[in-house]
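Here is what each chain is made of, one letter per residue.
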Amino acid sequence: RLVLQGRPPALLLVSGSRPVHMPPRKLLSDLPDEAFDAELRQLAGTPEEILREPDLMRMFRPLLRADFAMDESYVCDACLDVPLCVFSGDADDEVCRQDLEAWREQTRGAFAAHILPGDHFFLKKDEDTFLMTLGGELGRMLEQTRGRSPAPWPAPARSSAFWRPGATASFCWWPCSRSGPFS
């Protein structure tokens, strides 16, 4: 929407998510309750105290299913003219190195992929490493928007430089929807 409104973000950040032009490997939203709860337990994003409480699960399960259904059904083949920076954990069973690299197809702008220590919820494991990595990417982006040439971003996949002096500094953060309301 921002691009269509003439206000493209200066940088799109994606965390722990499959590339939006690829179908999900597993469909979880329509699983029977017991199997769905087992998947939630395996993902380790929902506290065990909630998973063990039937009344809470009756309340939260529809919300979680809707979250999964939204993620499972979203597909986008559009290629953006926006720099893209993607993140995942090195022990993430949901998003692998090839998934991160496949995100490159979603942008004609600069692209960077980072695999950090941890599982699907790597942000919980080592927030400092993530923040330092993110700070480096934001620093490069800001220097580029000021017209300077710092250490360059990786070469854009299919176009010349995105950055232009005076670019609006808006950011989008696209976290994985699998975290649920408890992370």
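A brief structural summary.

Procedures and definitions
Residues numbered from 1 in each chain as written. Predicted model: local features only at pLDDT ≥ 70, side-chain atom pairs only at ≥ 80, totals over all residues. Heavy atoms only, no water. Helix = DSSP H or I, 4+ residues; strand = E, 2+ residues; numbered from the N terminus. Buried < 20%, exposed > 50% of the residue type's maximum accessible area, 1.4 Å probe, protein only. Contact = heavy atoms within 4.5 Å. Areas by Shrake-Rupley, 256 points an atom, 1.4 Å probe, with all protein chains shown as cover. Axes fitted to C-alpha atoms, helices over the stretch in contact; angles between N-to-C directions. Parallel < 35°, antiparallel > 145°, perpendicular 65-115°, else oblique. Nonpolar A, V, L, I, M, F, W, Y, C, P; charged D, E, K, R; others polar. Pairing = 2+ DSSP bridges. Polar contact = N/O pair within 3.5 Å; in protein donor to acceptor, adjacent residues only side chain to side chain.

**Describing the overall build of the protein**
- Looking only at helices and strands, the protein has six helices and four strands in total.
- In the protein, the succession of helices and strands from N to C terminus is β-α-α-α-β-α-β-α-α-β.
- Within the protein, buried positions represent 42% of all 183 residues.
- Restricting to contacts in the protein with at least 6 residues of sequence separation, those with at least 24 account for 77%.
- In the form shown here, the protein has an accessible surface area of approximately 10,100 Å², with 56% of it arising from carbon and sulfur atoms.

**A word on the packing of helix α1 (residues 33-43) against helix α3 (residues 54-73)**
- One way to put it is that α1 packs onto α3 with a least axis distance of 12 Å and a crossing angle of 75°. Accordingly, the angle class assigned to the pair α1 and α3 is roughly perpendicular. Residues Asp33, Phe36, Asp37, Leu40 and Leu43 of α1 form the contact with α3, whose own contacting residues are Met57, Arg61, Leu64, Arg65 and Phe68.
- Here the contact of α1 with α3 is composed, by residue class, of six nonpolar, no polar and four charged.

**Quick word on the pairing of strand β1 (residues 11-15)**
- Burial within β1 is extensive, with five of its five residues counted as buried.
- Of the two faces of β1, the one carrying Leu11, Leu13 and Ser15 and the one carrying Leu12 and Val14 are both buried.
- Inspection of the sheet shows β1 paired to strand β2 (residues 84-89) by four bridges, in the parallel sense. By the bridge assignment for β2, leucine 12 is matched with leucine 84.

**A short note on the side chain of glutamate 39**
- Residue position: glutamate 39 is located in helix α1.
- Polar side-chain contacts of glutamate 39 include one of 3.1 Å to the side chain of lysine 26.
- Those residues in contact with glutamate 39, other than ones at most four positions away along the chain, are Lys26, Leu28 and Leu31.

**Observations regarding the environment of aspartate 71**
- By the element assignment, aspartate 71 lies in helix α3.
- Each C-alpha atom of the pair aspartate 71 and valine 20 lies 9.0 Å from the other, and the pair is 51 residues apart in sequence.

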